[in-house]
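Structural characterization, general
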Amino acid sequence: MTLLVAECKPSVSQPIRAAEPMFIVALRPHLYIHGSPSGTVKVQILDTNNRVVTESSSVSISTLKTLDYAHKYYRFDLSANLSQDTSYKLAVVCEGGYSFSESAYVGVCLDWDNRKSSVGYSPSTSYEQPLDIEVWERRIN
């Protein structure tokens, strides 16, 4: 497995487009935590003018791992109604005393090696793949 990581400096984001109306209940970014960074992390959904549509609660980065290096999916609960054929942006934001350094940082893995879905994102080169973020939605049957 190869991990390509977009570092939070202090955030990383990606445009998406909802193909149908969606009620999102959680986002699960595939985070890579290198060393022991301080601060907090949260996820946001933004509109095209970079206004926050919704965001999760902030979580202390130190509580997300027990080893020097970790990568896995972390669940962030939030609530958002996305409209069909409307552009949005998913963002992972590090704050609360976080600052990037080569020895201690947070990043989001790219969906490069274990391809699942492009969530309405079209990369222009093989290394510009979408962020590996699972979008959990509630569907009413």
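Above this text you will find the structure in question.
If you're wondering where the values come from, they're calculated on a predicted model, not measured in any experiment.

Side note on the pattern of salt bridges
All chains considered together, the criterion is met by 7 salt bridges. Here D47 ties to R51 by a salt bridge, and the two come within 3.0 Å at their closest N and O atoms. Put simply, E20, E137 and R139 are held in one network by salt bridges that share partners.

Structural notes on the pairing of strand β4 (residues 40–46)
Each regular strand displays side chains that alternate between the two surfaces of the sheet. The buried fraction of β4 amounts to 7 of the 7 residues, a majority that puts the element mostly inside the structure. Taking every second residue as pointing to the same face, both faces of β4 are buried, with T40, K42, Q44 and L46 on one and V41, V43 and I45 on the other. The sheet contact formed by β4 and strand β6 (residues 59–60) spans 2 bridges and is antiparallel. For T40, the partnering residue across the bridge sits in β6 and is S60. One ladder, built from 7 bridges, connects β4 with strand β9 (residues 87–95); its direction is antiparallel. By the bridge assignment, K42 is partnered in β9 with V93. Examined bridge by bridge, β4 and strand β5 (residues 52–55) share 3 bridges and lie antiparallel to one another. When the sheet's bridge partners are listed, L46 is paired in β5 with V52. If you look at the hairpin formed by β4 and β5, you'll find 5 residues sitting between the two strands, and N50 has a positive phi there, around 60 degrees.

Considerations on the nonpolar core
In terms of nonpolar packing, the biggest core is built from 35 residues, with L27, L31, I45, L82, V92 and V106 touching the most fellow members. Top contributing element to this core by residue count: strand β3 (residues 22–34), with 6 residues. Apart from the residues lying within four places of it in its own chain, the contact partners of V106 are E7, C8, L31, Y32, I33, P37, I61, C94 and Y98.

Points about the side chain of D47
Following the sequence through the fold, D47 ends up in the loop between β4 and β5. Looking at D47, the relative accessible area reads 17%, which means it is buried. A polar atom in the side chain of D47 sits 2.9 Å from the backbone nitrogen of N49. Apart from residues no more than four positions distant in its own chain, D47 is found in contact with V53 and Y88.

Cut-offs applied
- Residues numbered from 1 in each chain as written.
- Predicted model: local features only at pLDDT ≥ 70, side-chain atom pairs only at ≥ 80, totals over all residues.
- Heavy atoms only, no water.
- Salt bridge = Lys/Arg side-chain N within 4 Å of Asp/Glu carboxyl O.
- Buried < 20%, exposed > 50% of the residue type's maximum accessible area, 1.4 Å probe, protein only.
- Helix = DSSP H or I, 4+ residues; strand = E, 2+ residues; numbered from the N terminus.
- Pairing = 2+ DSSP bridges.
- Core = buried A, V, L, I, M, F, W, Y, C linked by side-chain atoms within 4.5 Å.
- Contact = heavy atoms within 4.5 Å.
- Polar contact = N/O pair within 3.5 Å; in protein donor to acceptor, adjacent residues only side chain to side chain.

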